[in-house]
Structures are given as C-alpha cells and as structure tokens.
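If you want the building blocks of each chain, they are given just below.
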Amino acid sequence: MILMISSTLMLLLVSTIFIITKILKARLSPNPHHAPPPLPPGSLGWPVIGETMELLRTGRDTNPEKFAMERVEKYGSQLFKTSVLGEKFIFFCGPAENKFLFSNENKMVISSWWPNSIKKLFKSCLINAVGDEARMIKRILMNCLNQEALKRYIGRMDSLTQHHISTQWHGKEEVKVYATVQLYTFELACSLFASIDDPAQLSRLSAEFDVFLKGVIALPFNMPGTRFYRATRAANVIRDELLLIARQRKVALDKEMVSSTQDLVSHMLVTKDASGRQLSEMEIVDNTLLLLFAGHDTTRSAITSVMKYLGELPEVYAKVLEEQTDIAKSKEPGELLKWEDIQKMRYSWNVVSEVLRLSPPVRGGFREAIADFTYAGYTIPKGWKVLITFSCSLRVHMRIVFDQSTSNIKPLYVAIDII
Ligand code: HEM
C-alpha cells in the first residue's frame, strides 16, 4: 500500500516537473509568431566608416538626395538602415514618415542628438547643452532674435543690401549668384551678429568659414590632412577673433560707449536668465559661431534658389518685381525699409515659401530613438540615430502625387497664387 502511494506521488512529482519545465521552456524560448519585426532593409557598409564616404560624395555632387533615393529604389522601402558618421542610422524618406517623426518628438525620438563632428566643432553652445542649460541658452538666443530685434535690424539689412548690390551687381555683364550671395549673407550675418564691417577682416573670416563648413559633416578624425582637422583649426581662428570682439565689447558696454542692442554679441553680454545667470565668454563665442553657421549658409541657399526659380519663371518674376517696385515707389529718396514694408511683400513671401518647400536649404534633421518602436513593419531600436530627410520627402511626395521621375520635377508655381 505504502509502495503504491509513494509510486503515485513519484509519478505526480515527475509529471509536475515535466509540465513546469515545458511551460518555462515555452516562455523563455522565442516564439516565431511573436518575434520582433525585422530592422529596415539596408547595408551597414564597412566597419567604422560604414557608408559615410558614399554619403559625403553624393552630398557634394549636384544631386544630394542621390544617396537616399538610390536606396529607397533599391530596397523598395521608404526607410532603410545604414551606418554613417560613425553611427547606425535609419533614414526616413517620405511625407508620412516625416509626419510620424515630427508627431512623436520626445515620445519616440529626441532632437538633441547631433553628429560628433558638429558637437566637437561647436563646443559650448546650444546644440551641446541639455535640460535646463539648453532651455536657458535658447531663451537668451530667442531674446536676441525675436520679432522686436528683427524690426530693429531691417534698416541696417536694407542699407547693407543696397551697398552689396551697388558694389557686386551693378554694371556687371554676368554675376555668379551662389558665390556672390555667399559674400552678401556672410557680411550680413557678421554685421548683425558681431558688428564686423571691416572688409579685410570679413574676407579673412570668410575664407576660414569656408574651410570650417567643409568639415562640419565629416568623420571626426582629428588628423592632419582630413577635412575635420582643417575645420577644427579654422573654427579656432574664428573663435579667437570673436573672443577679442566680445572682450572689447564688454569694456565698451561697461563704459556705456555702445548700445546693448547693437548686435547679437552685445545682447548676449547683457542678457540674464531668471536666476541671474549670464552666458560665459566662451558660450557667447560658441553660440555666435553656431548662429553664423545656422543662419548664413541656409539663407545663402534660400536666396540662390529664389533667384534660380525667378530666372526660370518670368511670369512669377514679373509679379515679384511689380510688388517690390510699388513698395520702392512709396518710399522717400534714401528712406530705408521698415517693418510695415516687409508686411506688404505678400506675393514675394509666398514665392520664398514655395521655393523653400521645393528646394529646402536644410536637407535633413537628426534624431535619436529613445525607445524601441515599430514603423511600417520594421523595428527601430532604441539608441539608433534617425535621419528625417526633408528634400527626399518632397521627391517621394511629388512622385506619389504626380507620378513624375525624380529628376524631372516641375515647380508648383501655380500654387503660389493660392497660398
Ligand atoms: C532659410 C533659412 C533657414 C532655414 C531653411 C532653416 C532651417 C532649419 C532647420 C531645418 C533646423 C533643424 C530643425 C530640426 O532638426 O528639427 C534649424 C535649426 C536651427 N536654426 Fe535655422 N534655418 C534658417 C535660418 C536660420 C537663421 C537665420 C538662424 C539664426 C540667426 C537660424 C538658427 C537656427 C538654430 C539656432 C537652430 C538649432 C535649434 C535647436 O537646436 O533647438 N536658422 N534651422
């Protein structure tokens, strides 16, 4: 009897262990039906450099979207994986993809990630700050760049523009627009940000800035012969000049010899946040460098594209000219533009907006995934970098709407009238 009970108990014990083991095994081993979706298609290229060289090469030729568009075609997917600038990336290429990323800011992706080359070149400025520090710097910069500040600078911008037209455009048979506009936007930025007006200093800084720009998006190898190395040296030269300006300005402000709203440097020197914290000398220098970069190259590209489209579209040009001529006629001789005049430029503004849409000066935005998420059946792993591709999205959009080939996009200038 005892033998029977113990053998029954034994049997029960063995079968319980068997069932528990089965359950645990089922829980721990991956279920093929519940496996996470795959990564987007694509290639991570070579070790360390990934596909960076290809990205940079196509970025420098006349078709900067080539890198992304080729992969969209090849993989038949609006997103693809790659490895560039020392990071694993997912490129998002399409209007729906952009909308998804923009509406999930701080939920699935954050915008405070920048490539190492940018972080190292810009040092102690807004893009390297986080949390409260970033908010404080942003508030100070916005204070210096808000509508009131813009209103104050309109006359100065007009006067600089007139001077540029009379020295660089008048009487010339031919003008190379991109190079000339670079000079113009650089002079404008240097004057408004740091009151640099001396032609010798401007041309010295402009040459350094050109070297600097070429290394901003690069592999951050600080070795002689690389673009990044040359950019770092150029940034230091510009920094030294800006530091000198900031120190001299501080003395002039203390002696009340200059206005605190004279330019961005003055603004930054006098502005405090709610807790009384001010930007340090080096923060002022680094943020001025950031704004020179963010403000001048984008504007140069925008103005050049506006001129290109106006040259191609005489009927649009005629309407812009008419609007501008009407405003010019309403002014006294020598009277500079005012805020009210800018508000009358409705048609010109629509043209600029449409050009920015068709040829965005900034081709993409950097993000970082802050959680694993799924999009279009693919997994985007936490920590991977994400690129929002503004210009590719336009191409994809145009193709969806008009079924046009990527290289033959006609401007939608008809839409300008109805914006
Ligand atoms: C046509 C002219 C311009 C275009 C198309 C443009 C476009 C952009 C874009 C696309 C971004 C990144 C947004 C993102 O990743 O979500 C950006 C950021 C920025 N832009 Fe501009 N921009 C222009 C002019 C300017 C000017 C004139 C300034 C300053 C004077 C400026 C200062 C900045 C700054 C400081 C940031 C970084 C903001 C941050 O990290 O919070 N931009 N701009």
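If you look the chain up in an unreviewed UniProt entry, it shows as Cytochrome P450 from Turnera subulata.

Enquirer: How should the overall build of the chain be read in this particular structure?
Expert: For the chain, the count of helices and strands is 16 helices and seven strands. Within the chain, the fraction of its 419 residues that count as buried is 27%. Within the chain, counting contacts between residues at least 6 apart in sequence, those at least 24 apart form 67% of the total.

Enquirer: Would you take a moment to explain helix 13 (residues 314–329) for this structure?
Expert: Each full turn of the α-helix corresponds to 3.6 residues, which orients residues three or four apart in the same direction. Along its 16 residues, helix 13 runs 22 Å from first to last C-alpha, staying within 8% of the 22 Å computed at 1.5 Å per residue. The element helix 13 is largely exposed, with a buried count of one among its 16 residues.

Enquirer: I'm lost on the sheet that holds strand 3 (residues 109–110) in this one. Help?
Expert: Backbone-to-backbone hydrogen bonds pair the strands of a sheet. The strands run either parallel or antiparallel. Spatially, 1-2-7-4-3 is the arrangement adopted by the five strands of the open sheet, whose pairing is mixed. On the outer flanks of this sheet lie strand 1 (79–84) and strand 3, each paired with one strand and no other. Two strands pair when backbone bridges link them, and strand 3 and strand 4 (residues 364–369) are joined in this way by two bridges, in the antiparallel orientation. Of the residues in strand 4, the one forming a bridge with V109 is A369.

Enquirer: Hey, could you run me through the site of the ligand in this one?
Expert: Taken together, the neighbourhood of the ligand is formed by 15 residues, with A294, G295, T298, V362 and G365 sitting nearest. The element that contributes the greatest number of residues to the shell around the ligand is helix 12 (residues 281–312), accounting for seven residues. By residue class, the composition of the shell around the ligand is 10 nonpolar, five polar and no charged. In terms of domain composition, the shell around the ligand takes at least three residues from each of domain 1 (36–108 + 314–419) and domain 2 (122–312).

The rules behind the values
Residues numbered from 1 in each chain as written. Predicted model: local features only at pLDDT ≥ 70, side-chain atom pairs only at ≥ 80, totals over all residues. Helix = DSSP H or I, 4+ residues; strand = E, 2+ residues; numbered from the N terminus. Buried ≥ 20, exposed ≤ 12 C-beta atoms within 10 Å, placed from the backbone. Contact = placed C-beta atoms within 7 Å. Expected span 1.5 Å × (residues − 1). Pairing = 2+ DSSP bridges. Near = placed C-beta within 6 Å. Nonpolar A, V, L, I, M, F, W, Y, C, P; charged D, E, K, R; others polar. Domains from an automatic or database assignment.

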